[in-house]
Structure formats: C-alpha cells, structure tokens
Amino acid sequence: MSKPTTTTPKSRNRAERIESLGIDKPWWVQWWNDADRRDVLTRLAIATGAAIALLLVCRTWQPPFAYRLGAIPARNLVSRVDFELPNEDETESLRLRARREQPAFYLNRTQPLDQLRAALRDQLFLILAAPSFEQMNEEERNAFSEFFEGSETDGSDTPAQRFSMLKQTFAEDAELEQLRQILDAAMRDQYQYGVIQALQHETDQGSQKIIRVFPKGQPDDITPVEVSNARIAEIVPKLTTQIKEAFRQRYLSEGSEEQREGVQKSAVMISEWIGNELPRHETLQYDDTLSEEARRNAATAVSPIMTPYRRGESKLANAGEPLEADDVSLLRQEWQSLTTQMNIRDQLVRMAAYAGMIIALYLLCGSYIFFVDDRRLILESTQLAKLMSVIVVTIGIAYWASGDQWRFELSPLIIASILLGVVYGRELALLIMAASCLSLTLFLGIDLSELVTMAAACTSCILLLGRIRTRTHLLWVGTVSAIITMMTVIGVGIVTGRTLSAGATGADLEPMLQGPMFSAVLVNLVNEALRAGIVIVGFSSVTTVFLPMIEKGFGVQTDLSLLELGNPSDVLLRKLAQRAPGTYNHSINVASIAEAAADSIGANGLLVRVGAYYHDIGKMFKPEYFIENQAGGENSHDALRPAMSTLVIIAHVKDGADLARSHNLPQPIIDFIMQHHGTTLVEYFYREAAKRSESDPNGESVSDKDFRYPGPKPQTLEAAVMMLADTVESASRTLVDPTPARIRSLVDKIAEKKVNDGQFDECGLTFQELATVKESLIKSLTAIYHARVKYPDQKPA
C-alpha cells in the first residue's frame, strides 16, 4: 500500500498575508494601487514642471520691484539695506573739471622759424650790399624800410644814420655767421616750445595755462609748456631782450659810446623785425585726436563720488508724491543692493512661500475642475498640459511685460481671458484668470488697485465674450471692456486716495486739492486709464487673428467657424445632396429641430445644427441601403442576411468619421458623427434575425451585442440632444396621421427607451433637461406636420 503524499502549502509574503485578512485599505492606498501609475506620474510631472517654471520665470527667489513711474507711495520709502551710489552730478562735475584741466596736445613744426631766419638773412644781405644809403636802389630801400622807417628831417636819428649803424655792426660779420649764432641762442626756447599767436582750443577742451608740445613724427616726445612761453605777444619782449644782450656780447667787446649805441640800435631793428614777422610764422597746431583721448582718460580716471544710504534712515521717496524717473532709479538701485545681499537661505524661503501659494491655487482650481467642471482636464495628460501651458505662458509674459518700459501686463491677460473663455467656458475661465491675476499680483509685489484693474479687465472680457458670430465681435468686447477698465482705474485711484497727499488734513487739504499736485495725480490716473484701454482694445482685436489656431490647438469651435462650416456650398454637403438627397433632407430637418432643442436647455444650438448637417455623411458610400434614399422598388437589404445588413447600416458611422477626418473637419463634428447613435440597437434587423433563429431548429441564439452601434455613447449635452432629435425625426416619418398627441407619444416612447438603454449616462443630461428637450422636439415636429386646409376641389395626393 503506497504512502499518501502530502503537499506543503505555498508560503505567502507579508503583503499577501495582510491582504488575506480582508481589511479595507486607506482610500489613497487603494487609489494608488488601482490607478495607472505612469499616467498619474505624468500628470504630476506636468503640474510640478509648470510650478517650477513659474517660480523660475517670475524670479521668486528675489523680492519684487513694485515701483513704477508716476506711482504715489502711501508712506515715505526708506532704505531697507545699507548701500552706496555714485553721485552722478558731483562725479560729472569732477570729470568735467579734469577734462578742462587736462593740457591739450600741440604739434610743433619748426620749419616756419627756419623760414623766418632765412628771410631775415636775405633781407640783411640785400641791404648790406648797398655802398651807402644814398646809393640804395628801390628794392634795397624797401627792404631797409622793414627794419626802420624814420625821417630825414629828424637829425638825431635818420634812416641814413641807421643804415650806417647796421653797416658798421655787421662790418666784420659779412657772412652773418655771428647773427646766426645769436639767433640760435636767443630762439632756443621758441624752437623747443613753439610759437603761437592764440590757443586753438576752447576752455572746455583743455587747460589754458599749460599745453603739451611734441615734434612732428614724435608723439611720445612730449614737453609740457606754459602758454606764456609760447604765446607770441608774451615772448617777443623776452626775445628782444635776449637778442640785445647777445648783440652786446658778440659785436661789442670794446669800442666807443657811439659804437655801442649803434650795436644796440641794430639789435633793436633786428628784434623788432623778428617781432613783426613772428605772428605769420606760427609753429604750433592743435591735435584734437590726442587731446580728446587725454581728456577721456583723465575723466575716466576720476573715481566716482559715492553717496551713502543707511538702512532705516535714508529716505528714498516722499509719501503722497508721484515717483519721478530719478526716484524710480534710486529705488531700483536699492532693490538691486538688497537682492545682492540676500543669502541663499532667504532666497529658498521666498521660493518655498511662493510654491505654497501655487499649491494652494492648484488645490482650489483643481477641486473645482474635478468636482464641478470637466474632470478630464486634469485626468488626461494632454488636456492638463495645454491648460498649464496657457497659465504659465500668460503669467510669464505678463511678468516680463509689466516693467516701466512697456507696462503691457494686461496684454497677455486679455488674450488668455478670451482663449480660456472660448475653450473652457465662462465659469472656469473666470476662476483661472482670478488665480492668475492673484499670482501675478504677488509675483510683482503690486498693490490692490493693480489687482482690481487686472481683474476688471479679465472679468469683463470673459463675461462679454459670449458667442463669436462675427469678426468684429472681439473688437466690441475689447471696446466695452476697455471702458469698464478705464472707469475702474480712475475709480480705484480715487477710492484708494491717490488724488490726495499723504498726511494732509484740515486746512492743508484744500489747497492741495486745488493745487498742481492734484492735477498732476489726476492726469496720471487718466493716462493710466487710457493706456489700459488702448491695450485692451488692441490685443482683444488681435486675438481674432489667432482664433483659427486656438480652435485647431484646443479642438474647439467658435460660432464664426461653425457658420463657415454650415455653409450649404461646402463640398461635403453638396456631395451629400447629390449622392443621398434623402439623407441630406433628413439632416436639414434634424438640424432645425435639434438646434431649437439645444438652445432650450442652454446648450450650443449652433454646434448641434452644424453637427447635424454632417452626422450622416457616411451614408454617401452606400446611400441605397438607407430607407430615406429608397424612392420605391427593390430594397437592397432583401438580398442580405440581417447580420450583414446591420454591418452595412453601422458602417456609416465609421465611414462618416473617416470622411470627416480626411476633409479636416474639427473634432467636435467628428464626435457628433461617432456619438449620434451611441450604442443603440439596430432593432429591425435584430428582430428579423431573432425571428429567423426561432424558425430554424438548428439556428443559433442571437445576441443583441452583434446588432449594436460601436459607440461611444453621447459625451456632451449637444450629442445627446442630436441623438434624440435624429431618432424622433426618422420615426416621425412613419406616422400615418402625425397629430400632436401621436407625436408626443412617439417622442416620449423614444426618450424613455434611450434612458432605459443607458444612452444618456455619460453626458450629464438631467431629467429636467430631458423634459425640456422633449417639449422642444414635440413643438418643432408639430409645426412641421401641422394640419393643412383642404380646398374643395383638391384631390387626395
């Protein structure tokens, strides 16, 4: 007898043992276990990335700079940190003085002095060649007259006597070699320093006392020269004295009194001739290039004069006075110093605080979207990414466009308000823009009045947006919103006391209200209002250009594009009318009654009407298989089995969707095509198949799943309305006597069947809305099939 075998129970891990107890887990644990973790992590990454992008783009690690030109601080603005700033006025004054005191550069060309001396020798040679004064020719007399012009009647000092003195002085120096040596010694300074009649530079171009002289071709060989040593008017007396002394030493070592007098007078004649000719032989020329470079270097070398500002003591701006450009510049310097001196801990704390604010707004907006609005916006990664992108881009652009040089922070907010209103509807757009305006206010550090202005602009645009049926609609929205915002700017400015001077009370208040300060502040408010109005009108109008991109990117349709799609001349609608006229007529009727029904419950009737035009375009492929296109005669389904006929009927949904995609119809229209039958049962062929199965002993049982449309069920109110309108319009054609009572009974029966079949479970249609839709359909069908007057001679058709 064999020994029975025993099996060892399989060991279980800790988690499996706890699971076997059947204890309910916390909801968040159960949710994490049941959720698609990759999708959840993707959505968390999108939200986290958007938050980090906002923190970085808006530079949340540093305090905001909230001061603008023309703003009126409510209190005195005192420095928050110790810092120093260059005193531009004093520094510029010192630099200007350094430029003025910098010696200018002059080029010294000695050739004119050489020419002067050569001319002197030529004249003397010409004069000394004459035997006597009486024997001088006209040329010699003219040359001599340049040295002395006396009168023959003056017996004490006549030209003849002077000529004799000159002849006697140079009697032993026929080659004038000693004269050359005299001039070399006497004019040594003039060769080195140069000569000039008047300075060629202005007082602001350099010093008027000292100049820098350099020889031609040698700019590095610079000699500082006092102007008095180069100015002709000042050097001529010195030169005359030097020439006289040199003459005395060279030509009169010994001799009589008469000889000494002759030498001295000869020296005077030579020096006077040189003095008269020297102004025409200037050697100095102003060099602006080197001088400007020297002035620039001298100004650059001046160290800035620093003005200290002390924390808590130095006042930067006065309360109640509009900030001017200098005030804003000073405040920005203080802000930059504060930012520079912040340590990493302070920066991280600021970023953490802003991150907390973003998380709070995430929870607020996310809860509303999840519990009240369309939760697909946060449950689908693509939808969430689009929404977060709009928010980040809007706040980021508004942050960088808010500076004094632009002041365009309203522009991205206006565009975003219109975009969100078109894509997500008024309610969600209002919530998101309110959160965006609040975030931007905190990022910029601006006051309550700015928040009210931004909120007024965004709110008015969203509430006025409505249905965009014309290309000028956004211009109208922008104009009205601009008027509202302008009134808000002025009103908030007055309410917050911007037209009053801070601290003014009693007797001081009245003159301030009547004085120039009140006028300046009021003008500033009006200018801000006008700027805001112009921005709103301009950018709301510009948004019209971007509407096609918005519709394409977010898969929505405005009334403007829907009206274009609903044009009967559209290629698909014309083709439908040609190939399936019965279906086309049916689509027109469905569009008419469905639009009225949708409007009755506040849905988008125009979208339903256009969707109805295209909902059956798939029937164009096999129009003869649909009863509305069968004018009589053979029925194409007679030769087919019920299952095959069902496939042909159901195929028009997929064919229509493919046709719509190939013609680039928008997604909402494709959704109508896919959802207008939901998962309803093709009853006629199902019953026919069931009848055949019952009559055939070997026949298999028939499942209704094989005779249902693939769906999906209607996902929106508009799709639900069109499903019901499509069904009742088709069914009403079978009524022999379509009286109001029979129409009501038909509509009630069809609606009840749809409800019982669960076709409206995913669209949010309430029973109250369903009742309203039914009443609208009954009224429309009754109007279509109303009783007509029968004339006596009229024959029955």
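Reading guide: rules and limits
Residues numbered from 1 in each chain as written. Predicted model: local features only at pLDDT ≥ 70, side-chain atom pairs only at ≥ 80, totals over all residues. Heavy atoms only, no water. Helix = DSSP H or I, 4+ residues; strand = E, 2+ residues; numbered from the N terminus. Buried < 20%, exposed > 50% of the residue type's maximum accessible area, 1.4 Å probe, protein only. Patch = residues over 30% accessible without salt bridge, like charges linked within 9 Å, V, L, I, M, F, W, Y side chains within 5 Å. Areas by Shrake-Rupley, 256 points an atom, 1.4 Å probe, with all protein chains shown as cover. Salt bridge = Lys/Arg side-chain N within 4 Å of Asp/Glu carboxyl O. Expected span 1.5 Å × (residues − 1). Phe/Tyr/Trp six-rings, centres within 6.5 Å; stacked < 30°, edge-to-face > 60°. Lys NZ or Arg CZ within 6 Å of the ring centre and 35° of its normal. Pairing = 2+ DSSP bridges. Contact = heavy atoms within 4.5 Å. Core = buried A, V, L, I, M, F, W, Y, C linked by side-chain atoms within 4.5 Å.

Further remarks concern unusual backbone geometry. For residues that are not glycine, phi is negative in most cases, and the peptide bond is trans in most cases. Of note, the bond from G711 into P712 is cis; its omega dihedral lies within 30 degrees of zero at 10 degrees. Relative to the assigned elements, P712 resides in the loop between α29 (683–695) and α30 (717–732). Phi at R59 is positive, roughly 50 degrees, even though this residue is not glycine. Secondary-structure assignment places R59 in the loop between α3 (37–57) and β1 (77–78). Positioned with a positive phi, N664 is a non-glycine residue whose angle comes to about 60 degrees. Structurally, N664 can be placed in the loop between α27 (642–662) and α28 (667–675). Overall, the relative accessible area of 60% leaves N664 in the exposed class.

Next up on the list: a nonpolar patch on the surface. The grouping of L522, V526, L530 and I534 at the surface amounts to a nonpolar patch, some 330 Å² of accessible area in total. Along the chain, I534 turns up in helix α22 (residues 516–554).

A word on helix α16 (residues 381–400). With 20 residues, α16 ought to run about 28 Å at 1.5 Å a step, and its terminal C-alpha atoms sit 28 Å apart, in line with that. For α16, the full list of buried residues reads S381, L384, L387, M388, V390, I391, V392, T394, I395, G396, A398 and Y399.

Turning to the packing of aromatic side chains, a few remarks are in order. Taken as a whole and assessed by the stated rule, the structure comprises 17 aromatic pairs. Between F65 and Y67, the aromatic rings sit 5.5 Å apart at their centres with planes inclined by 80 degrees, giving edge-to-face as the arrangement. Exposure remark for F65: the relative accessible area of 15% places this residue in the buried category. Judged by its relative accessible area of 25%, Y67 falls in the partly exposed class. Plain terms: the ring middles of F83 and Y309 are 4.8 Å apart, the flat faces sit at 10 degrees to each other, and that makes the pair stacked. Of the two residues, F83 is situated in strand β2 (residues 83–86) and Y309 in strand β7 (residues 306–309); the sequence distance between them amounts to 226 residues. The class of Y309 is buried, set by a relative accessible area of 15%. Chaining the aromatic ring pairs together yields one cluster made of F65, Y67 and W335. The ring of F65 has R332 sitting right over it, with the charged end atom 4.1 Å from the ring centre. Of note, R375 hangs over the ring of F370, and the distance from its end group to the ring centre comes to 4.1 Å.

Scanning the model with the defined rule gives 33 salt bridges in all. Residues R68 and E450 are paired through a salt bridge, measuring 3.9 Å at the closest nitrogen-oxygen approach. In this pair, R68 sits in the loop between α3 and β1 while E450 sits in helix α19 (residues 448–465), placing the two residues 382 residues apart along the sequence. As far as burial versus exposure is concerned, R68 and E450 are alike and both buried.

Among the five residues in strand β3 (residues 104–108), five count as buried, and that is most of the element. Because side chains alternate across β3, one face comprises the buried residues A104, Y106 and N108, and the other comprises F105 and L107, equally buried. Relative to strand β4 (residues 210–215), β3 runs parallel, the two being bridged by five bridges. Looking at β4, one finds that N108 is bridged to P215. Here β3 runs beside strand β6 (residues 284–286); their pairing, made up of three bridges, is antiparallel. Bridge pairing in β6 places N108 opposite L284.

By secondary structure assignment, the location of V392 is in helix α16. Each C-alpha atom, one on V392 and one on G49, is 9.9 Å from the other, the two residues being 343 residues apart in sequence. Excluding residues that lie within four positions of it along the chain, V392 makes contacts with A50, A53 and L54.

Once that is clear, we can look at the pairing of β4. Both β4 and strand β5 (residues 223–226) contribute to a ladder of four bridges, which runs antiparallel. Paired with I210 across the two strands is E226, which belongs to β5.

We now examine the nonpolar core. Soluble globular proteins tend to pack their nonpolar side chains together in the buried interior. In terms of nonpolar packing, the biggest core is built from 62 residues, with L410, L413, L420, Y424, L440, F443 and F554 touching the most fellow members. Ignoring anything within four residues of it in the chain, the contact list for Y424 reads L377, Q383, K386, L387 and F554. Formed by 53 residues, the second largest nonpolar core is a distinct cluster that contains L606, A612, V728 and A731.

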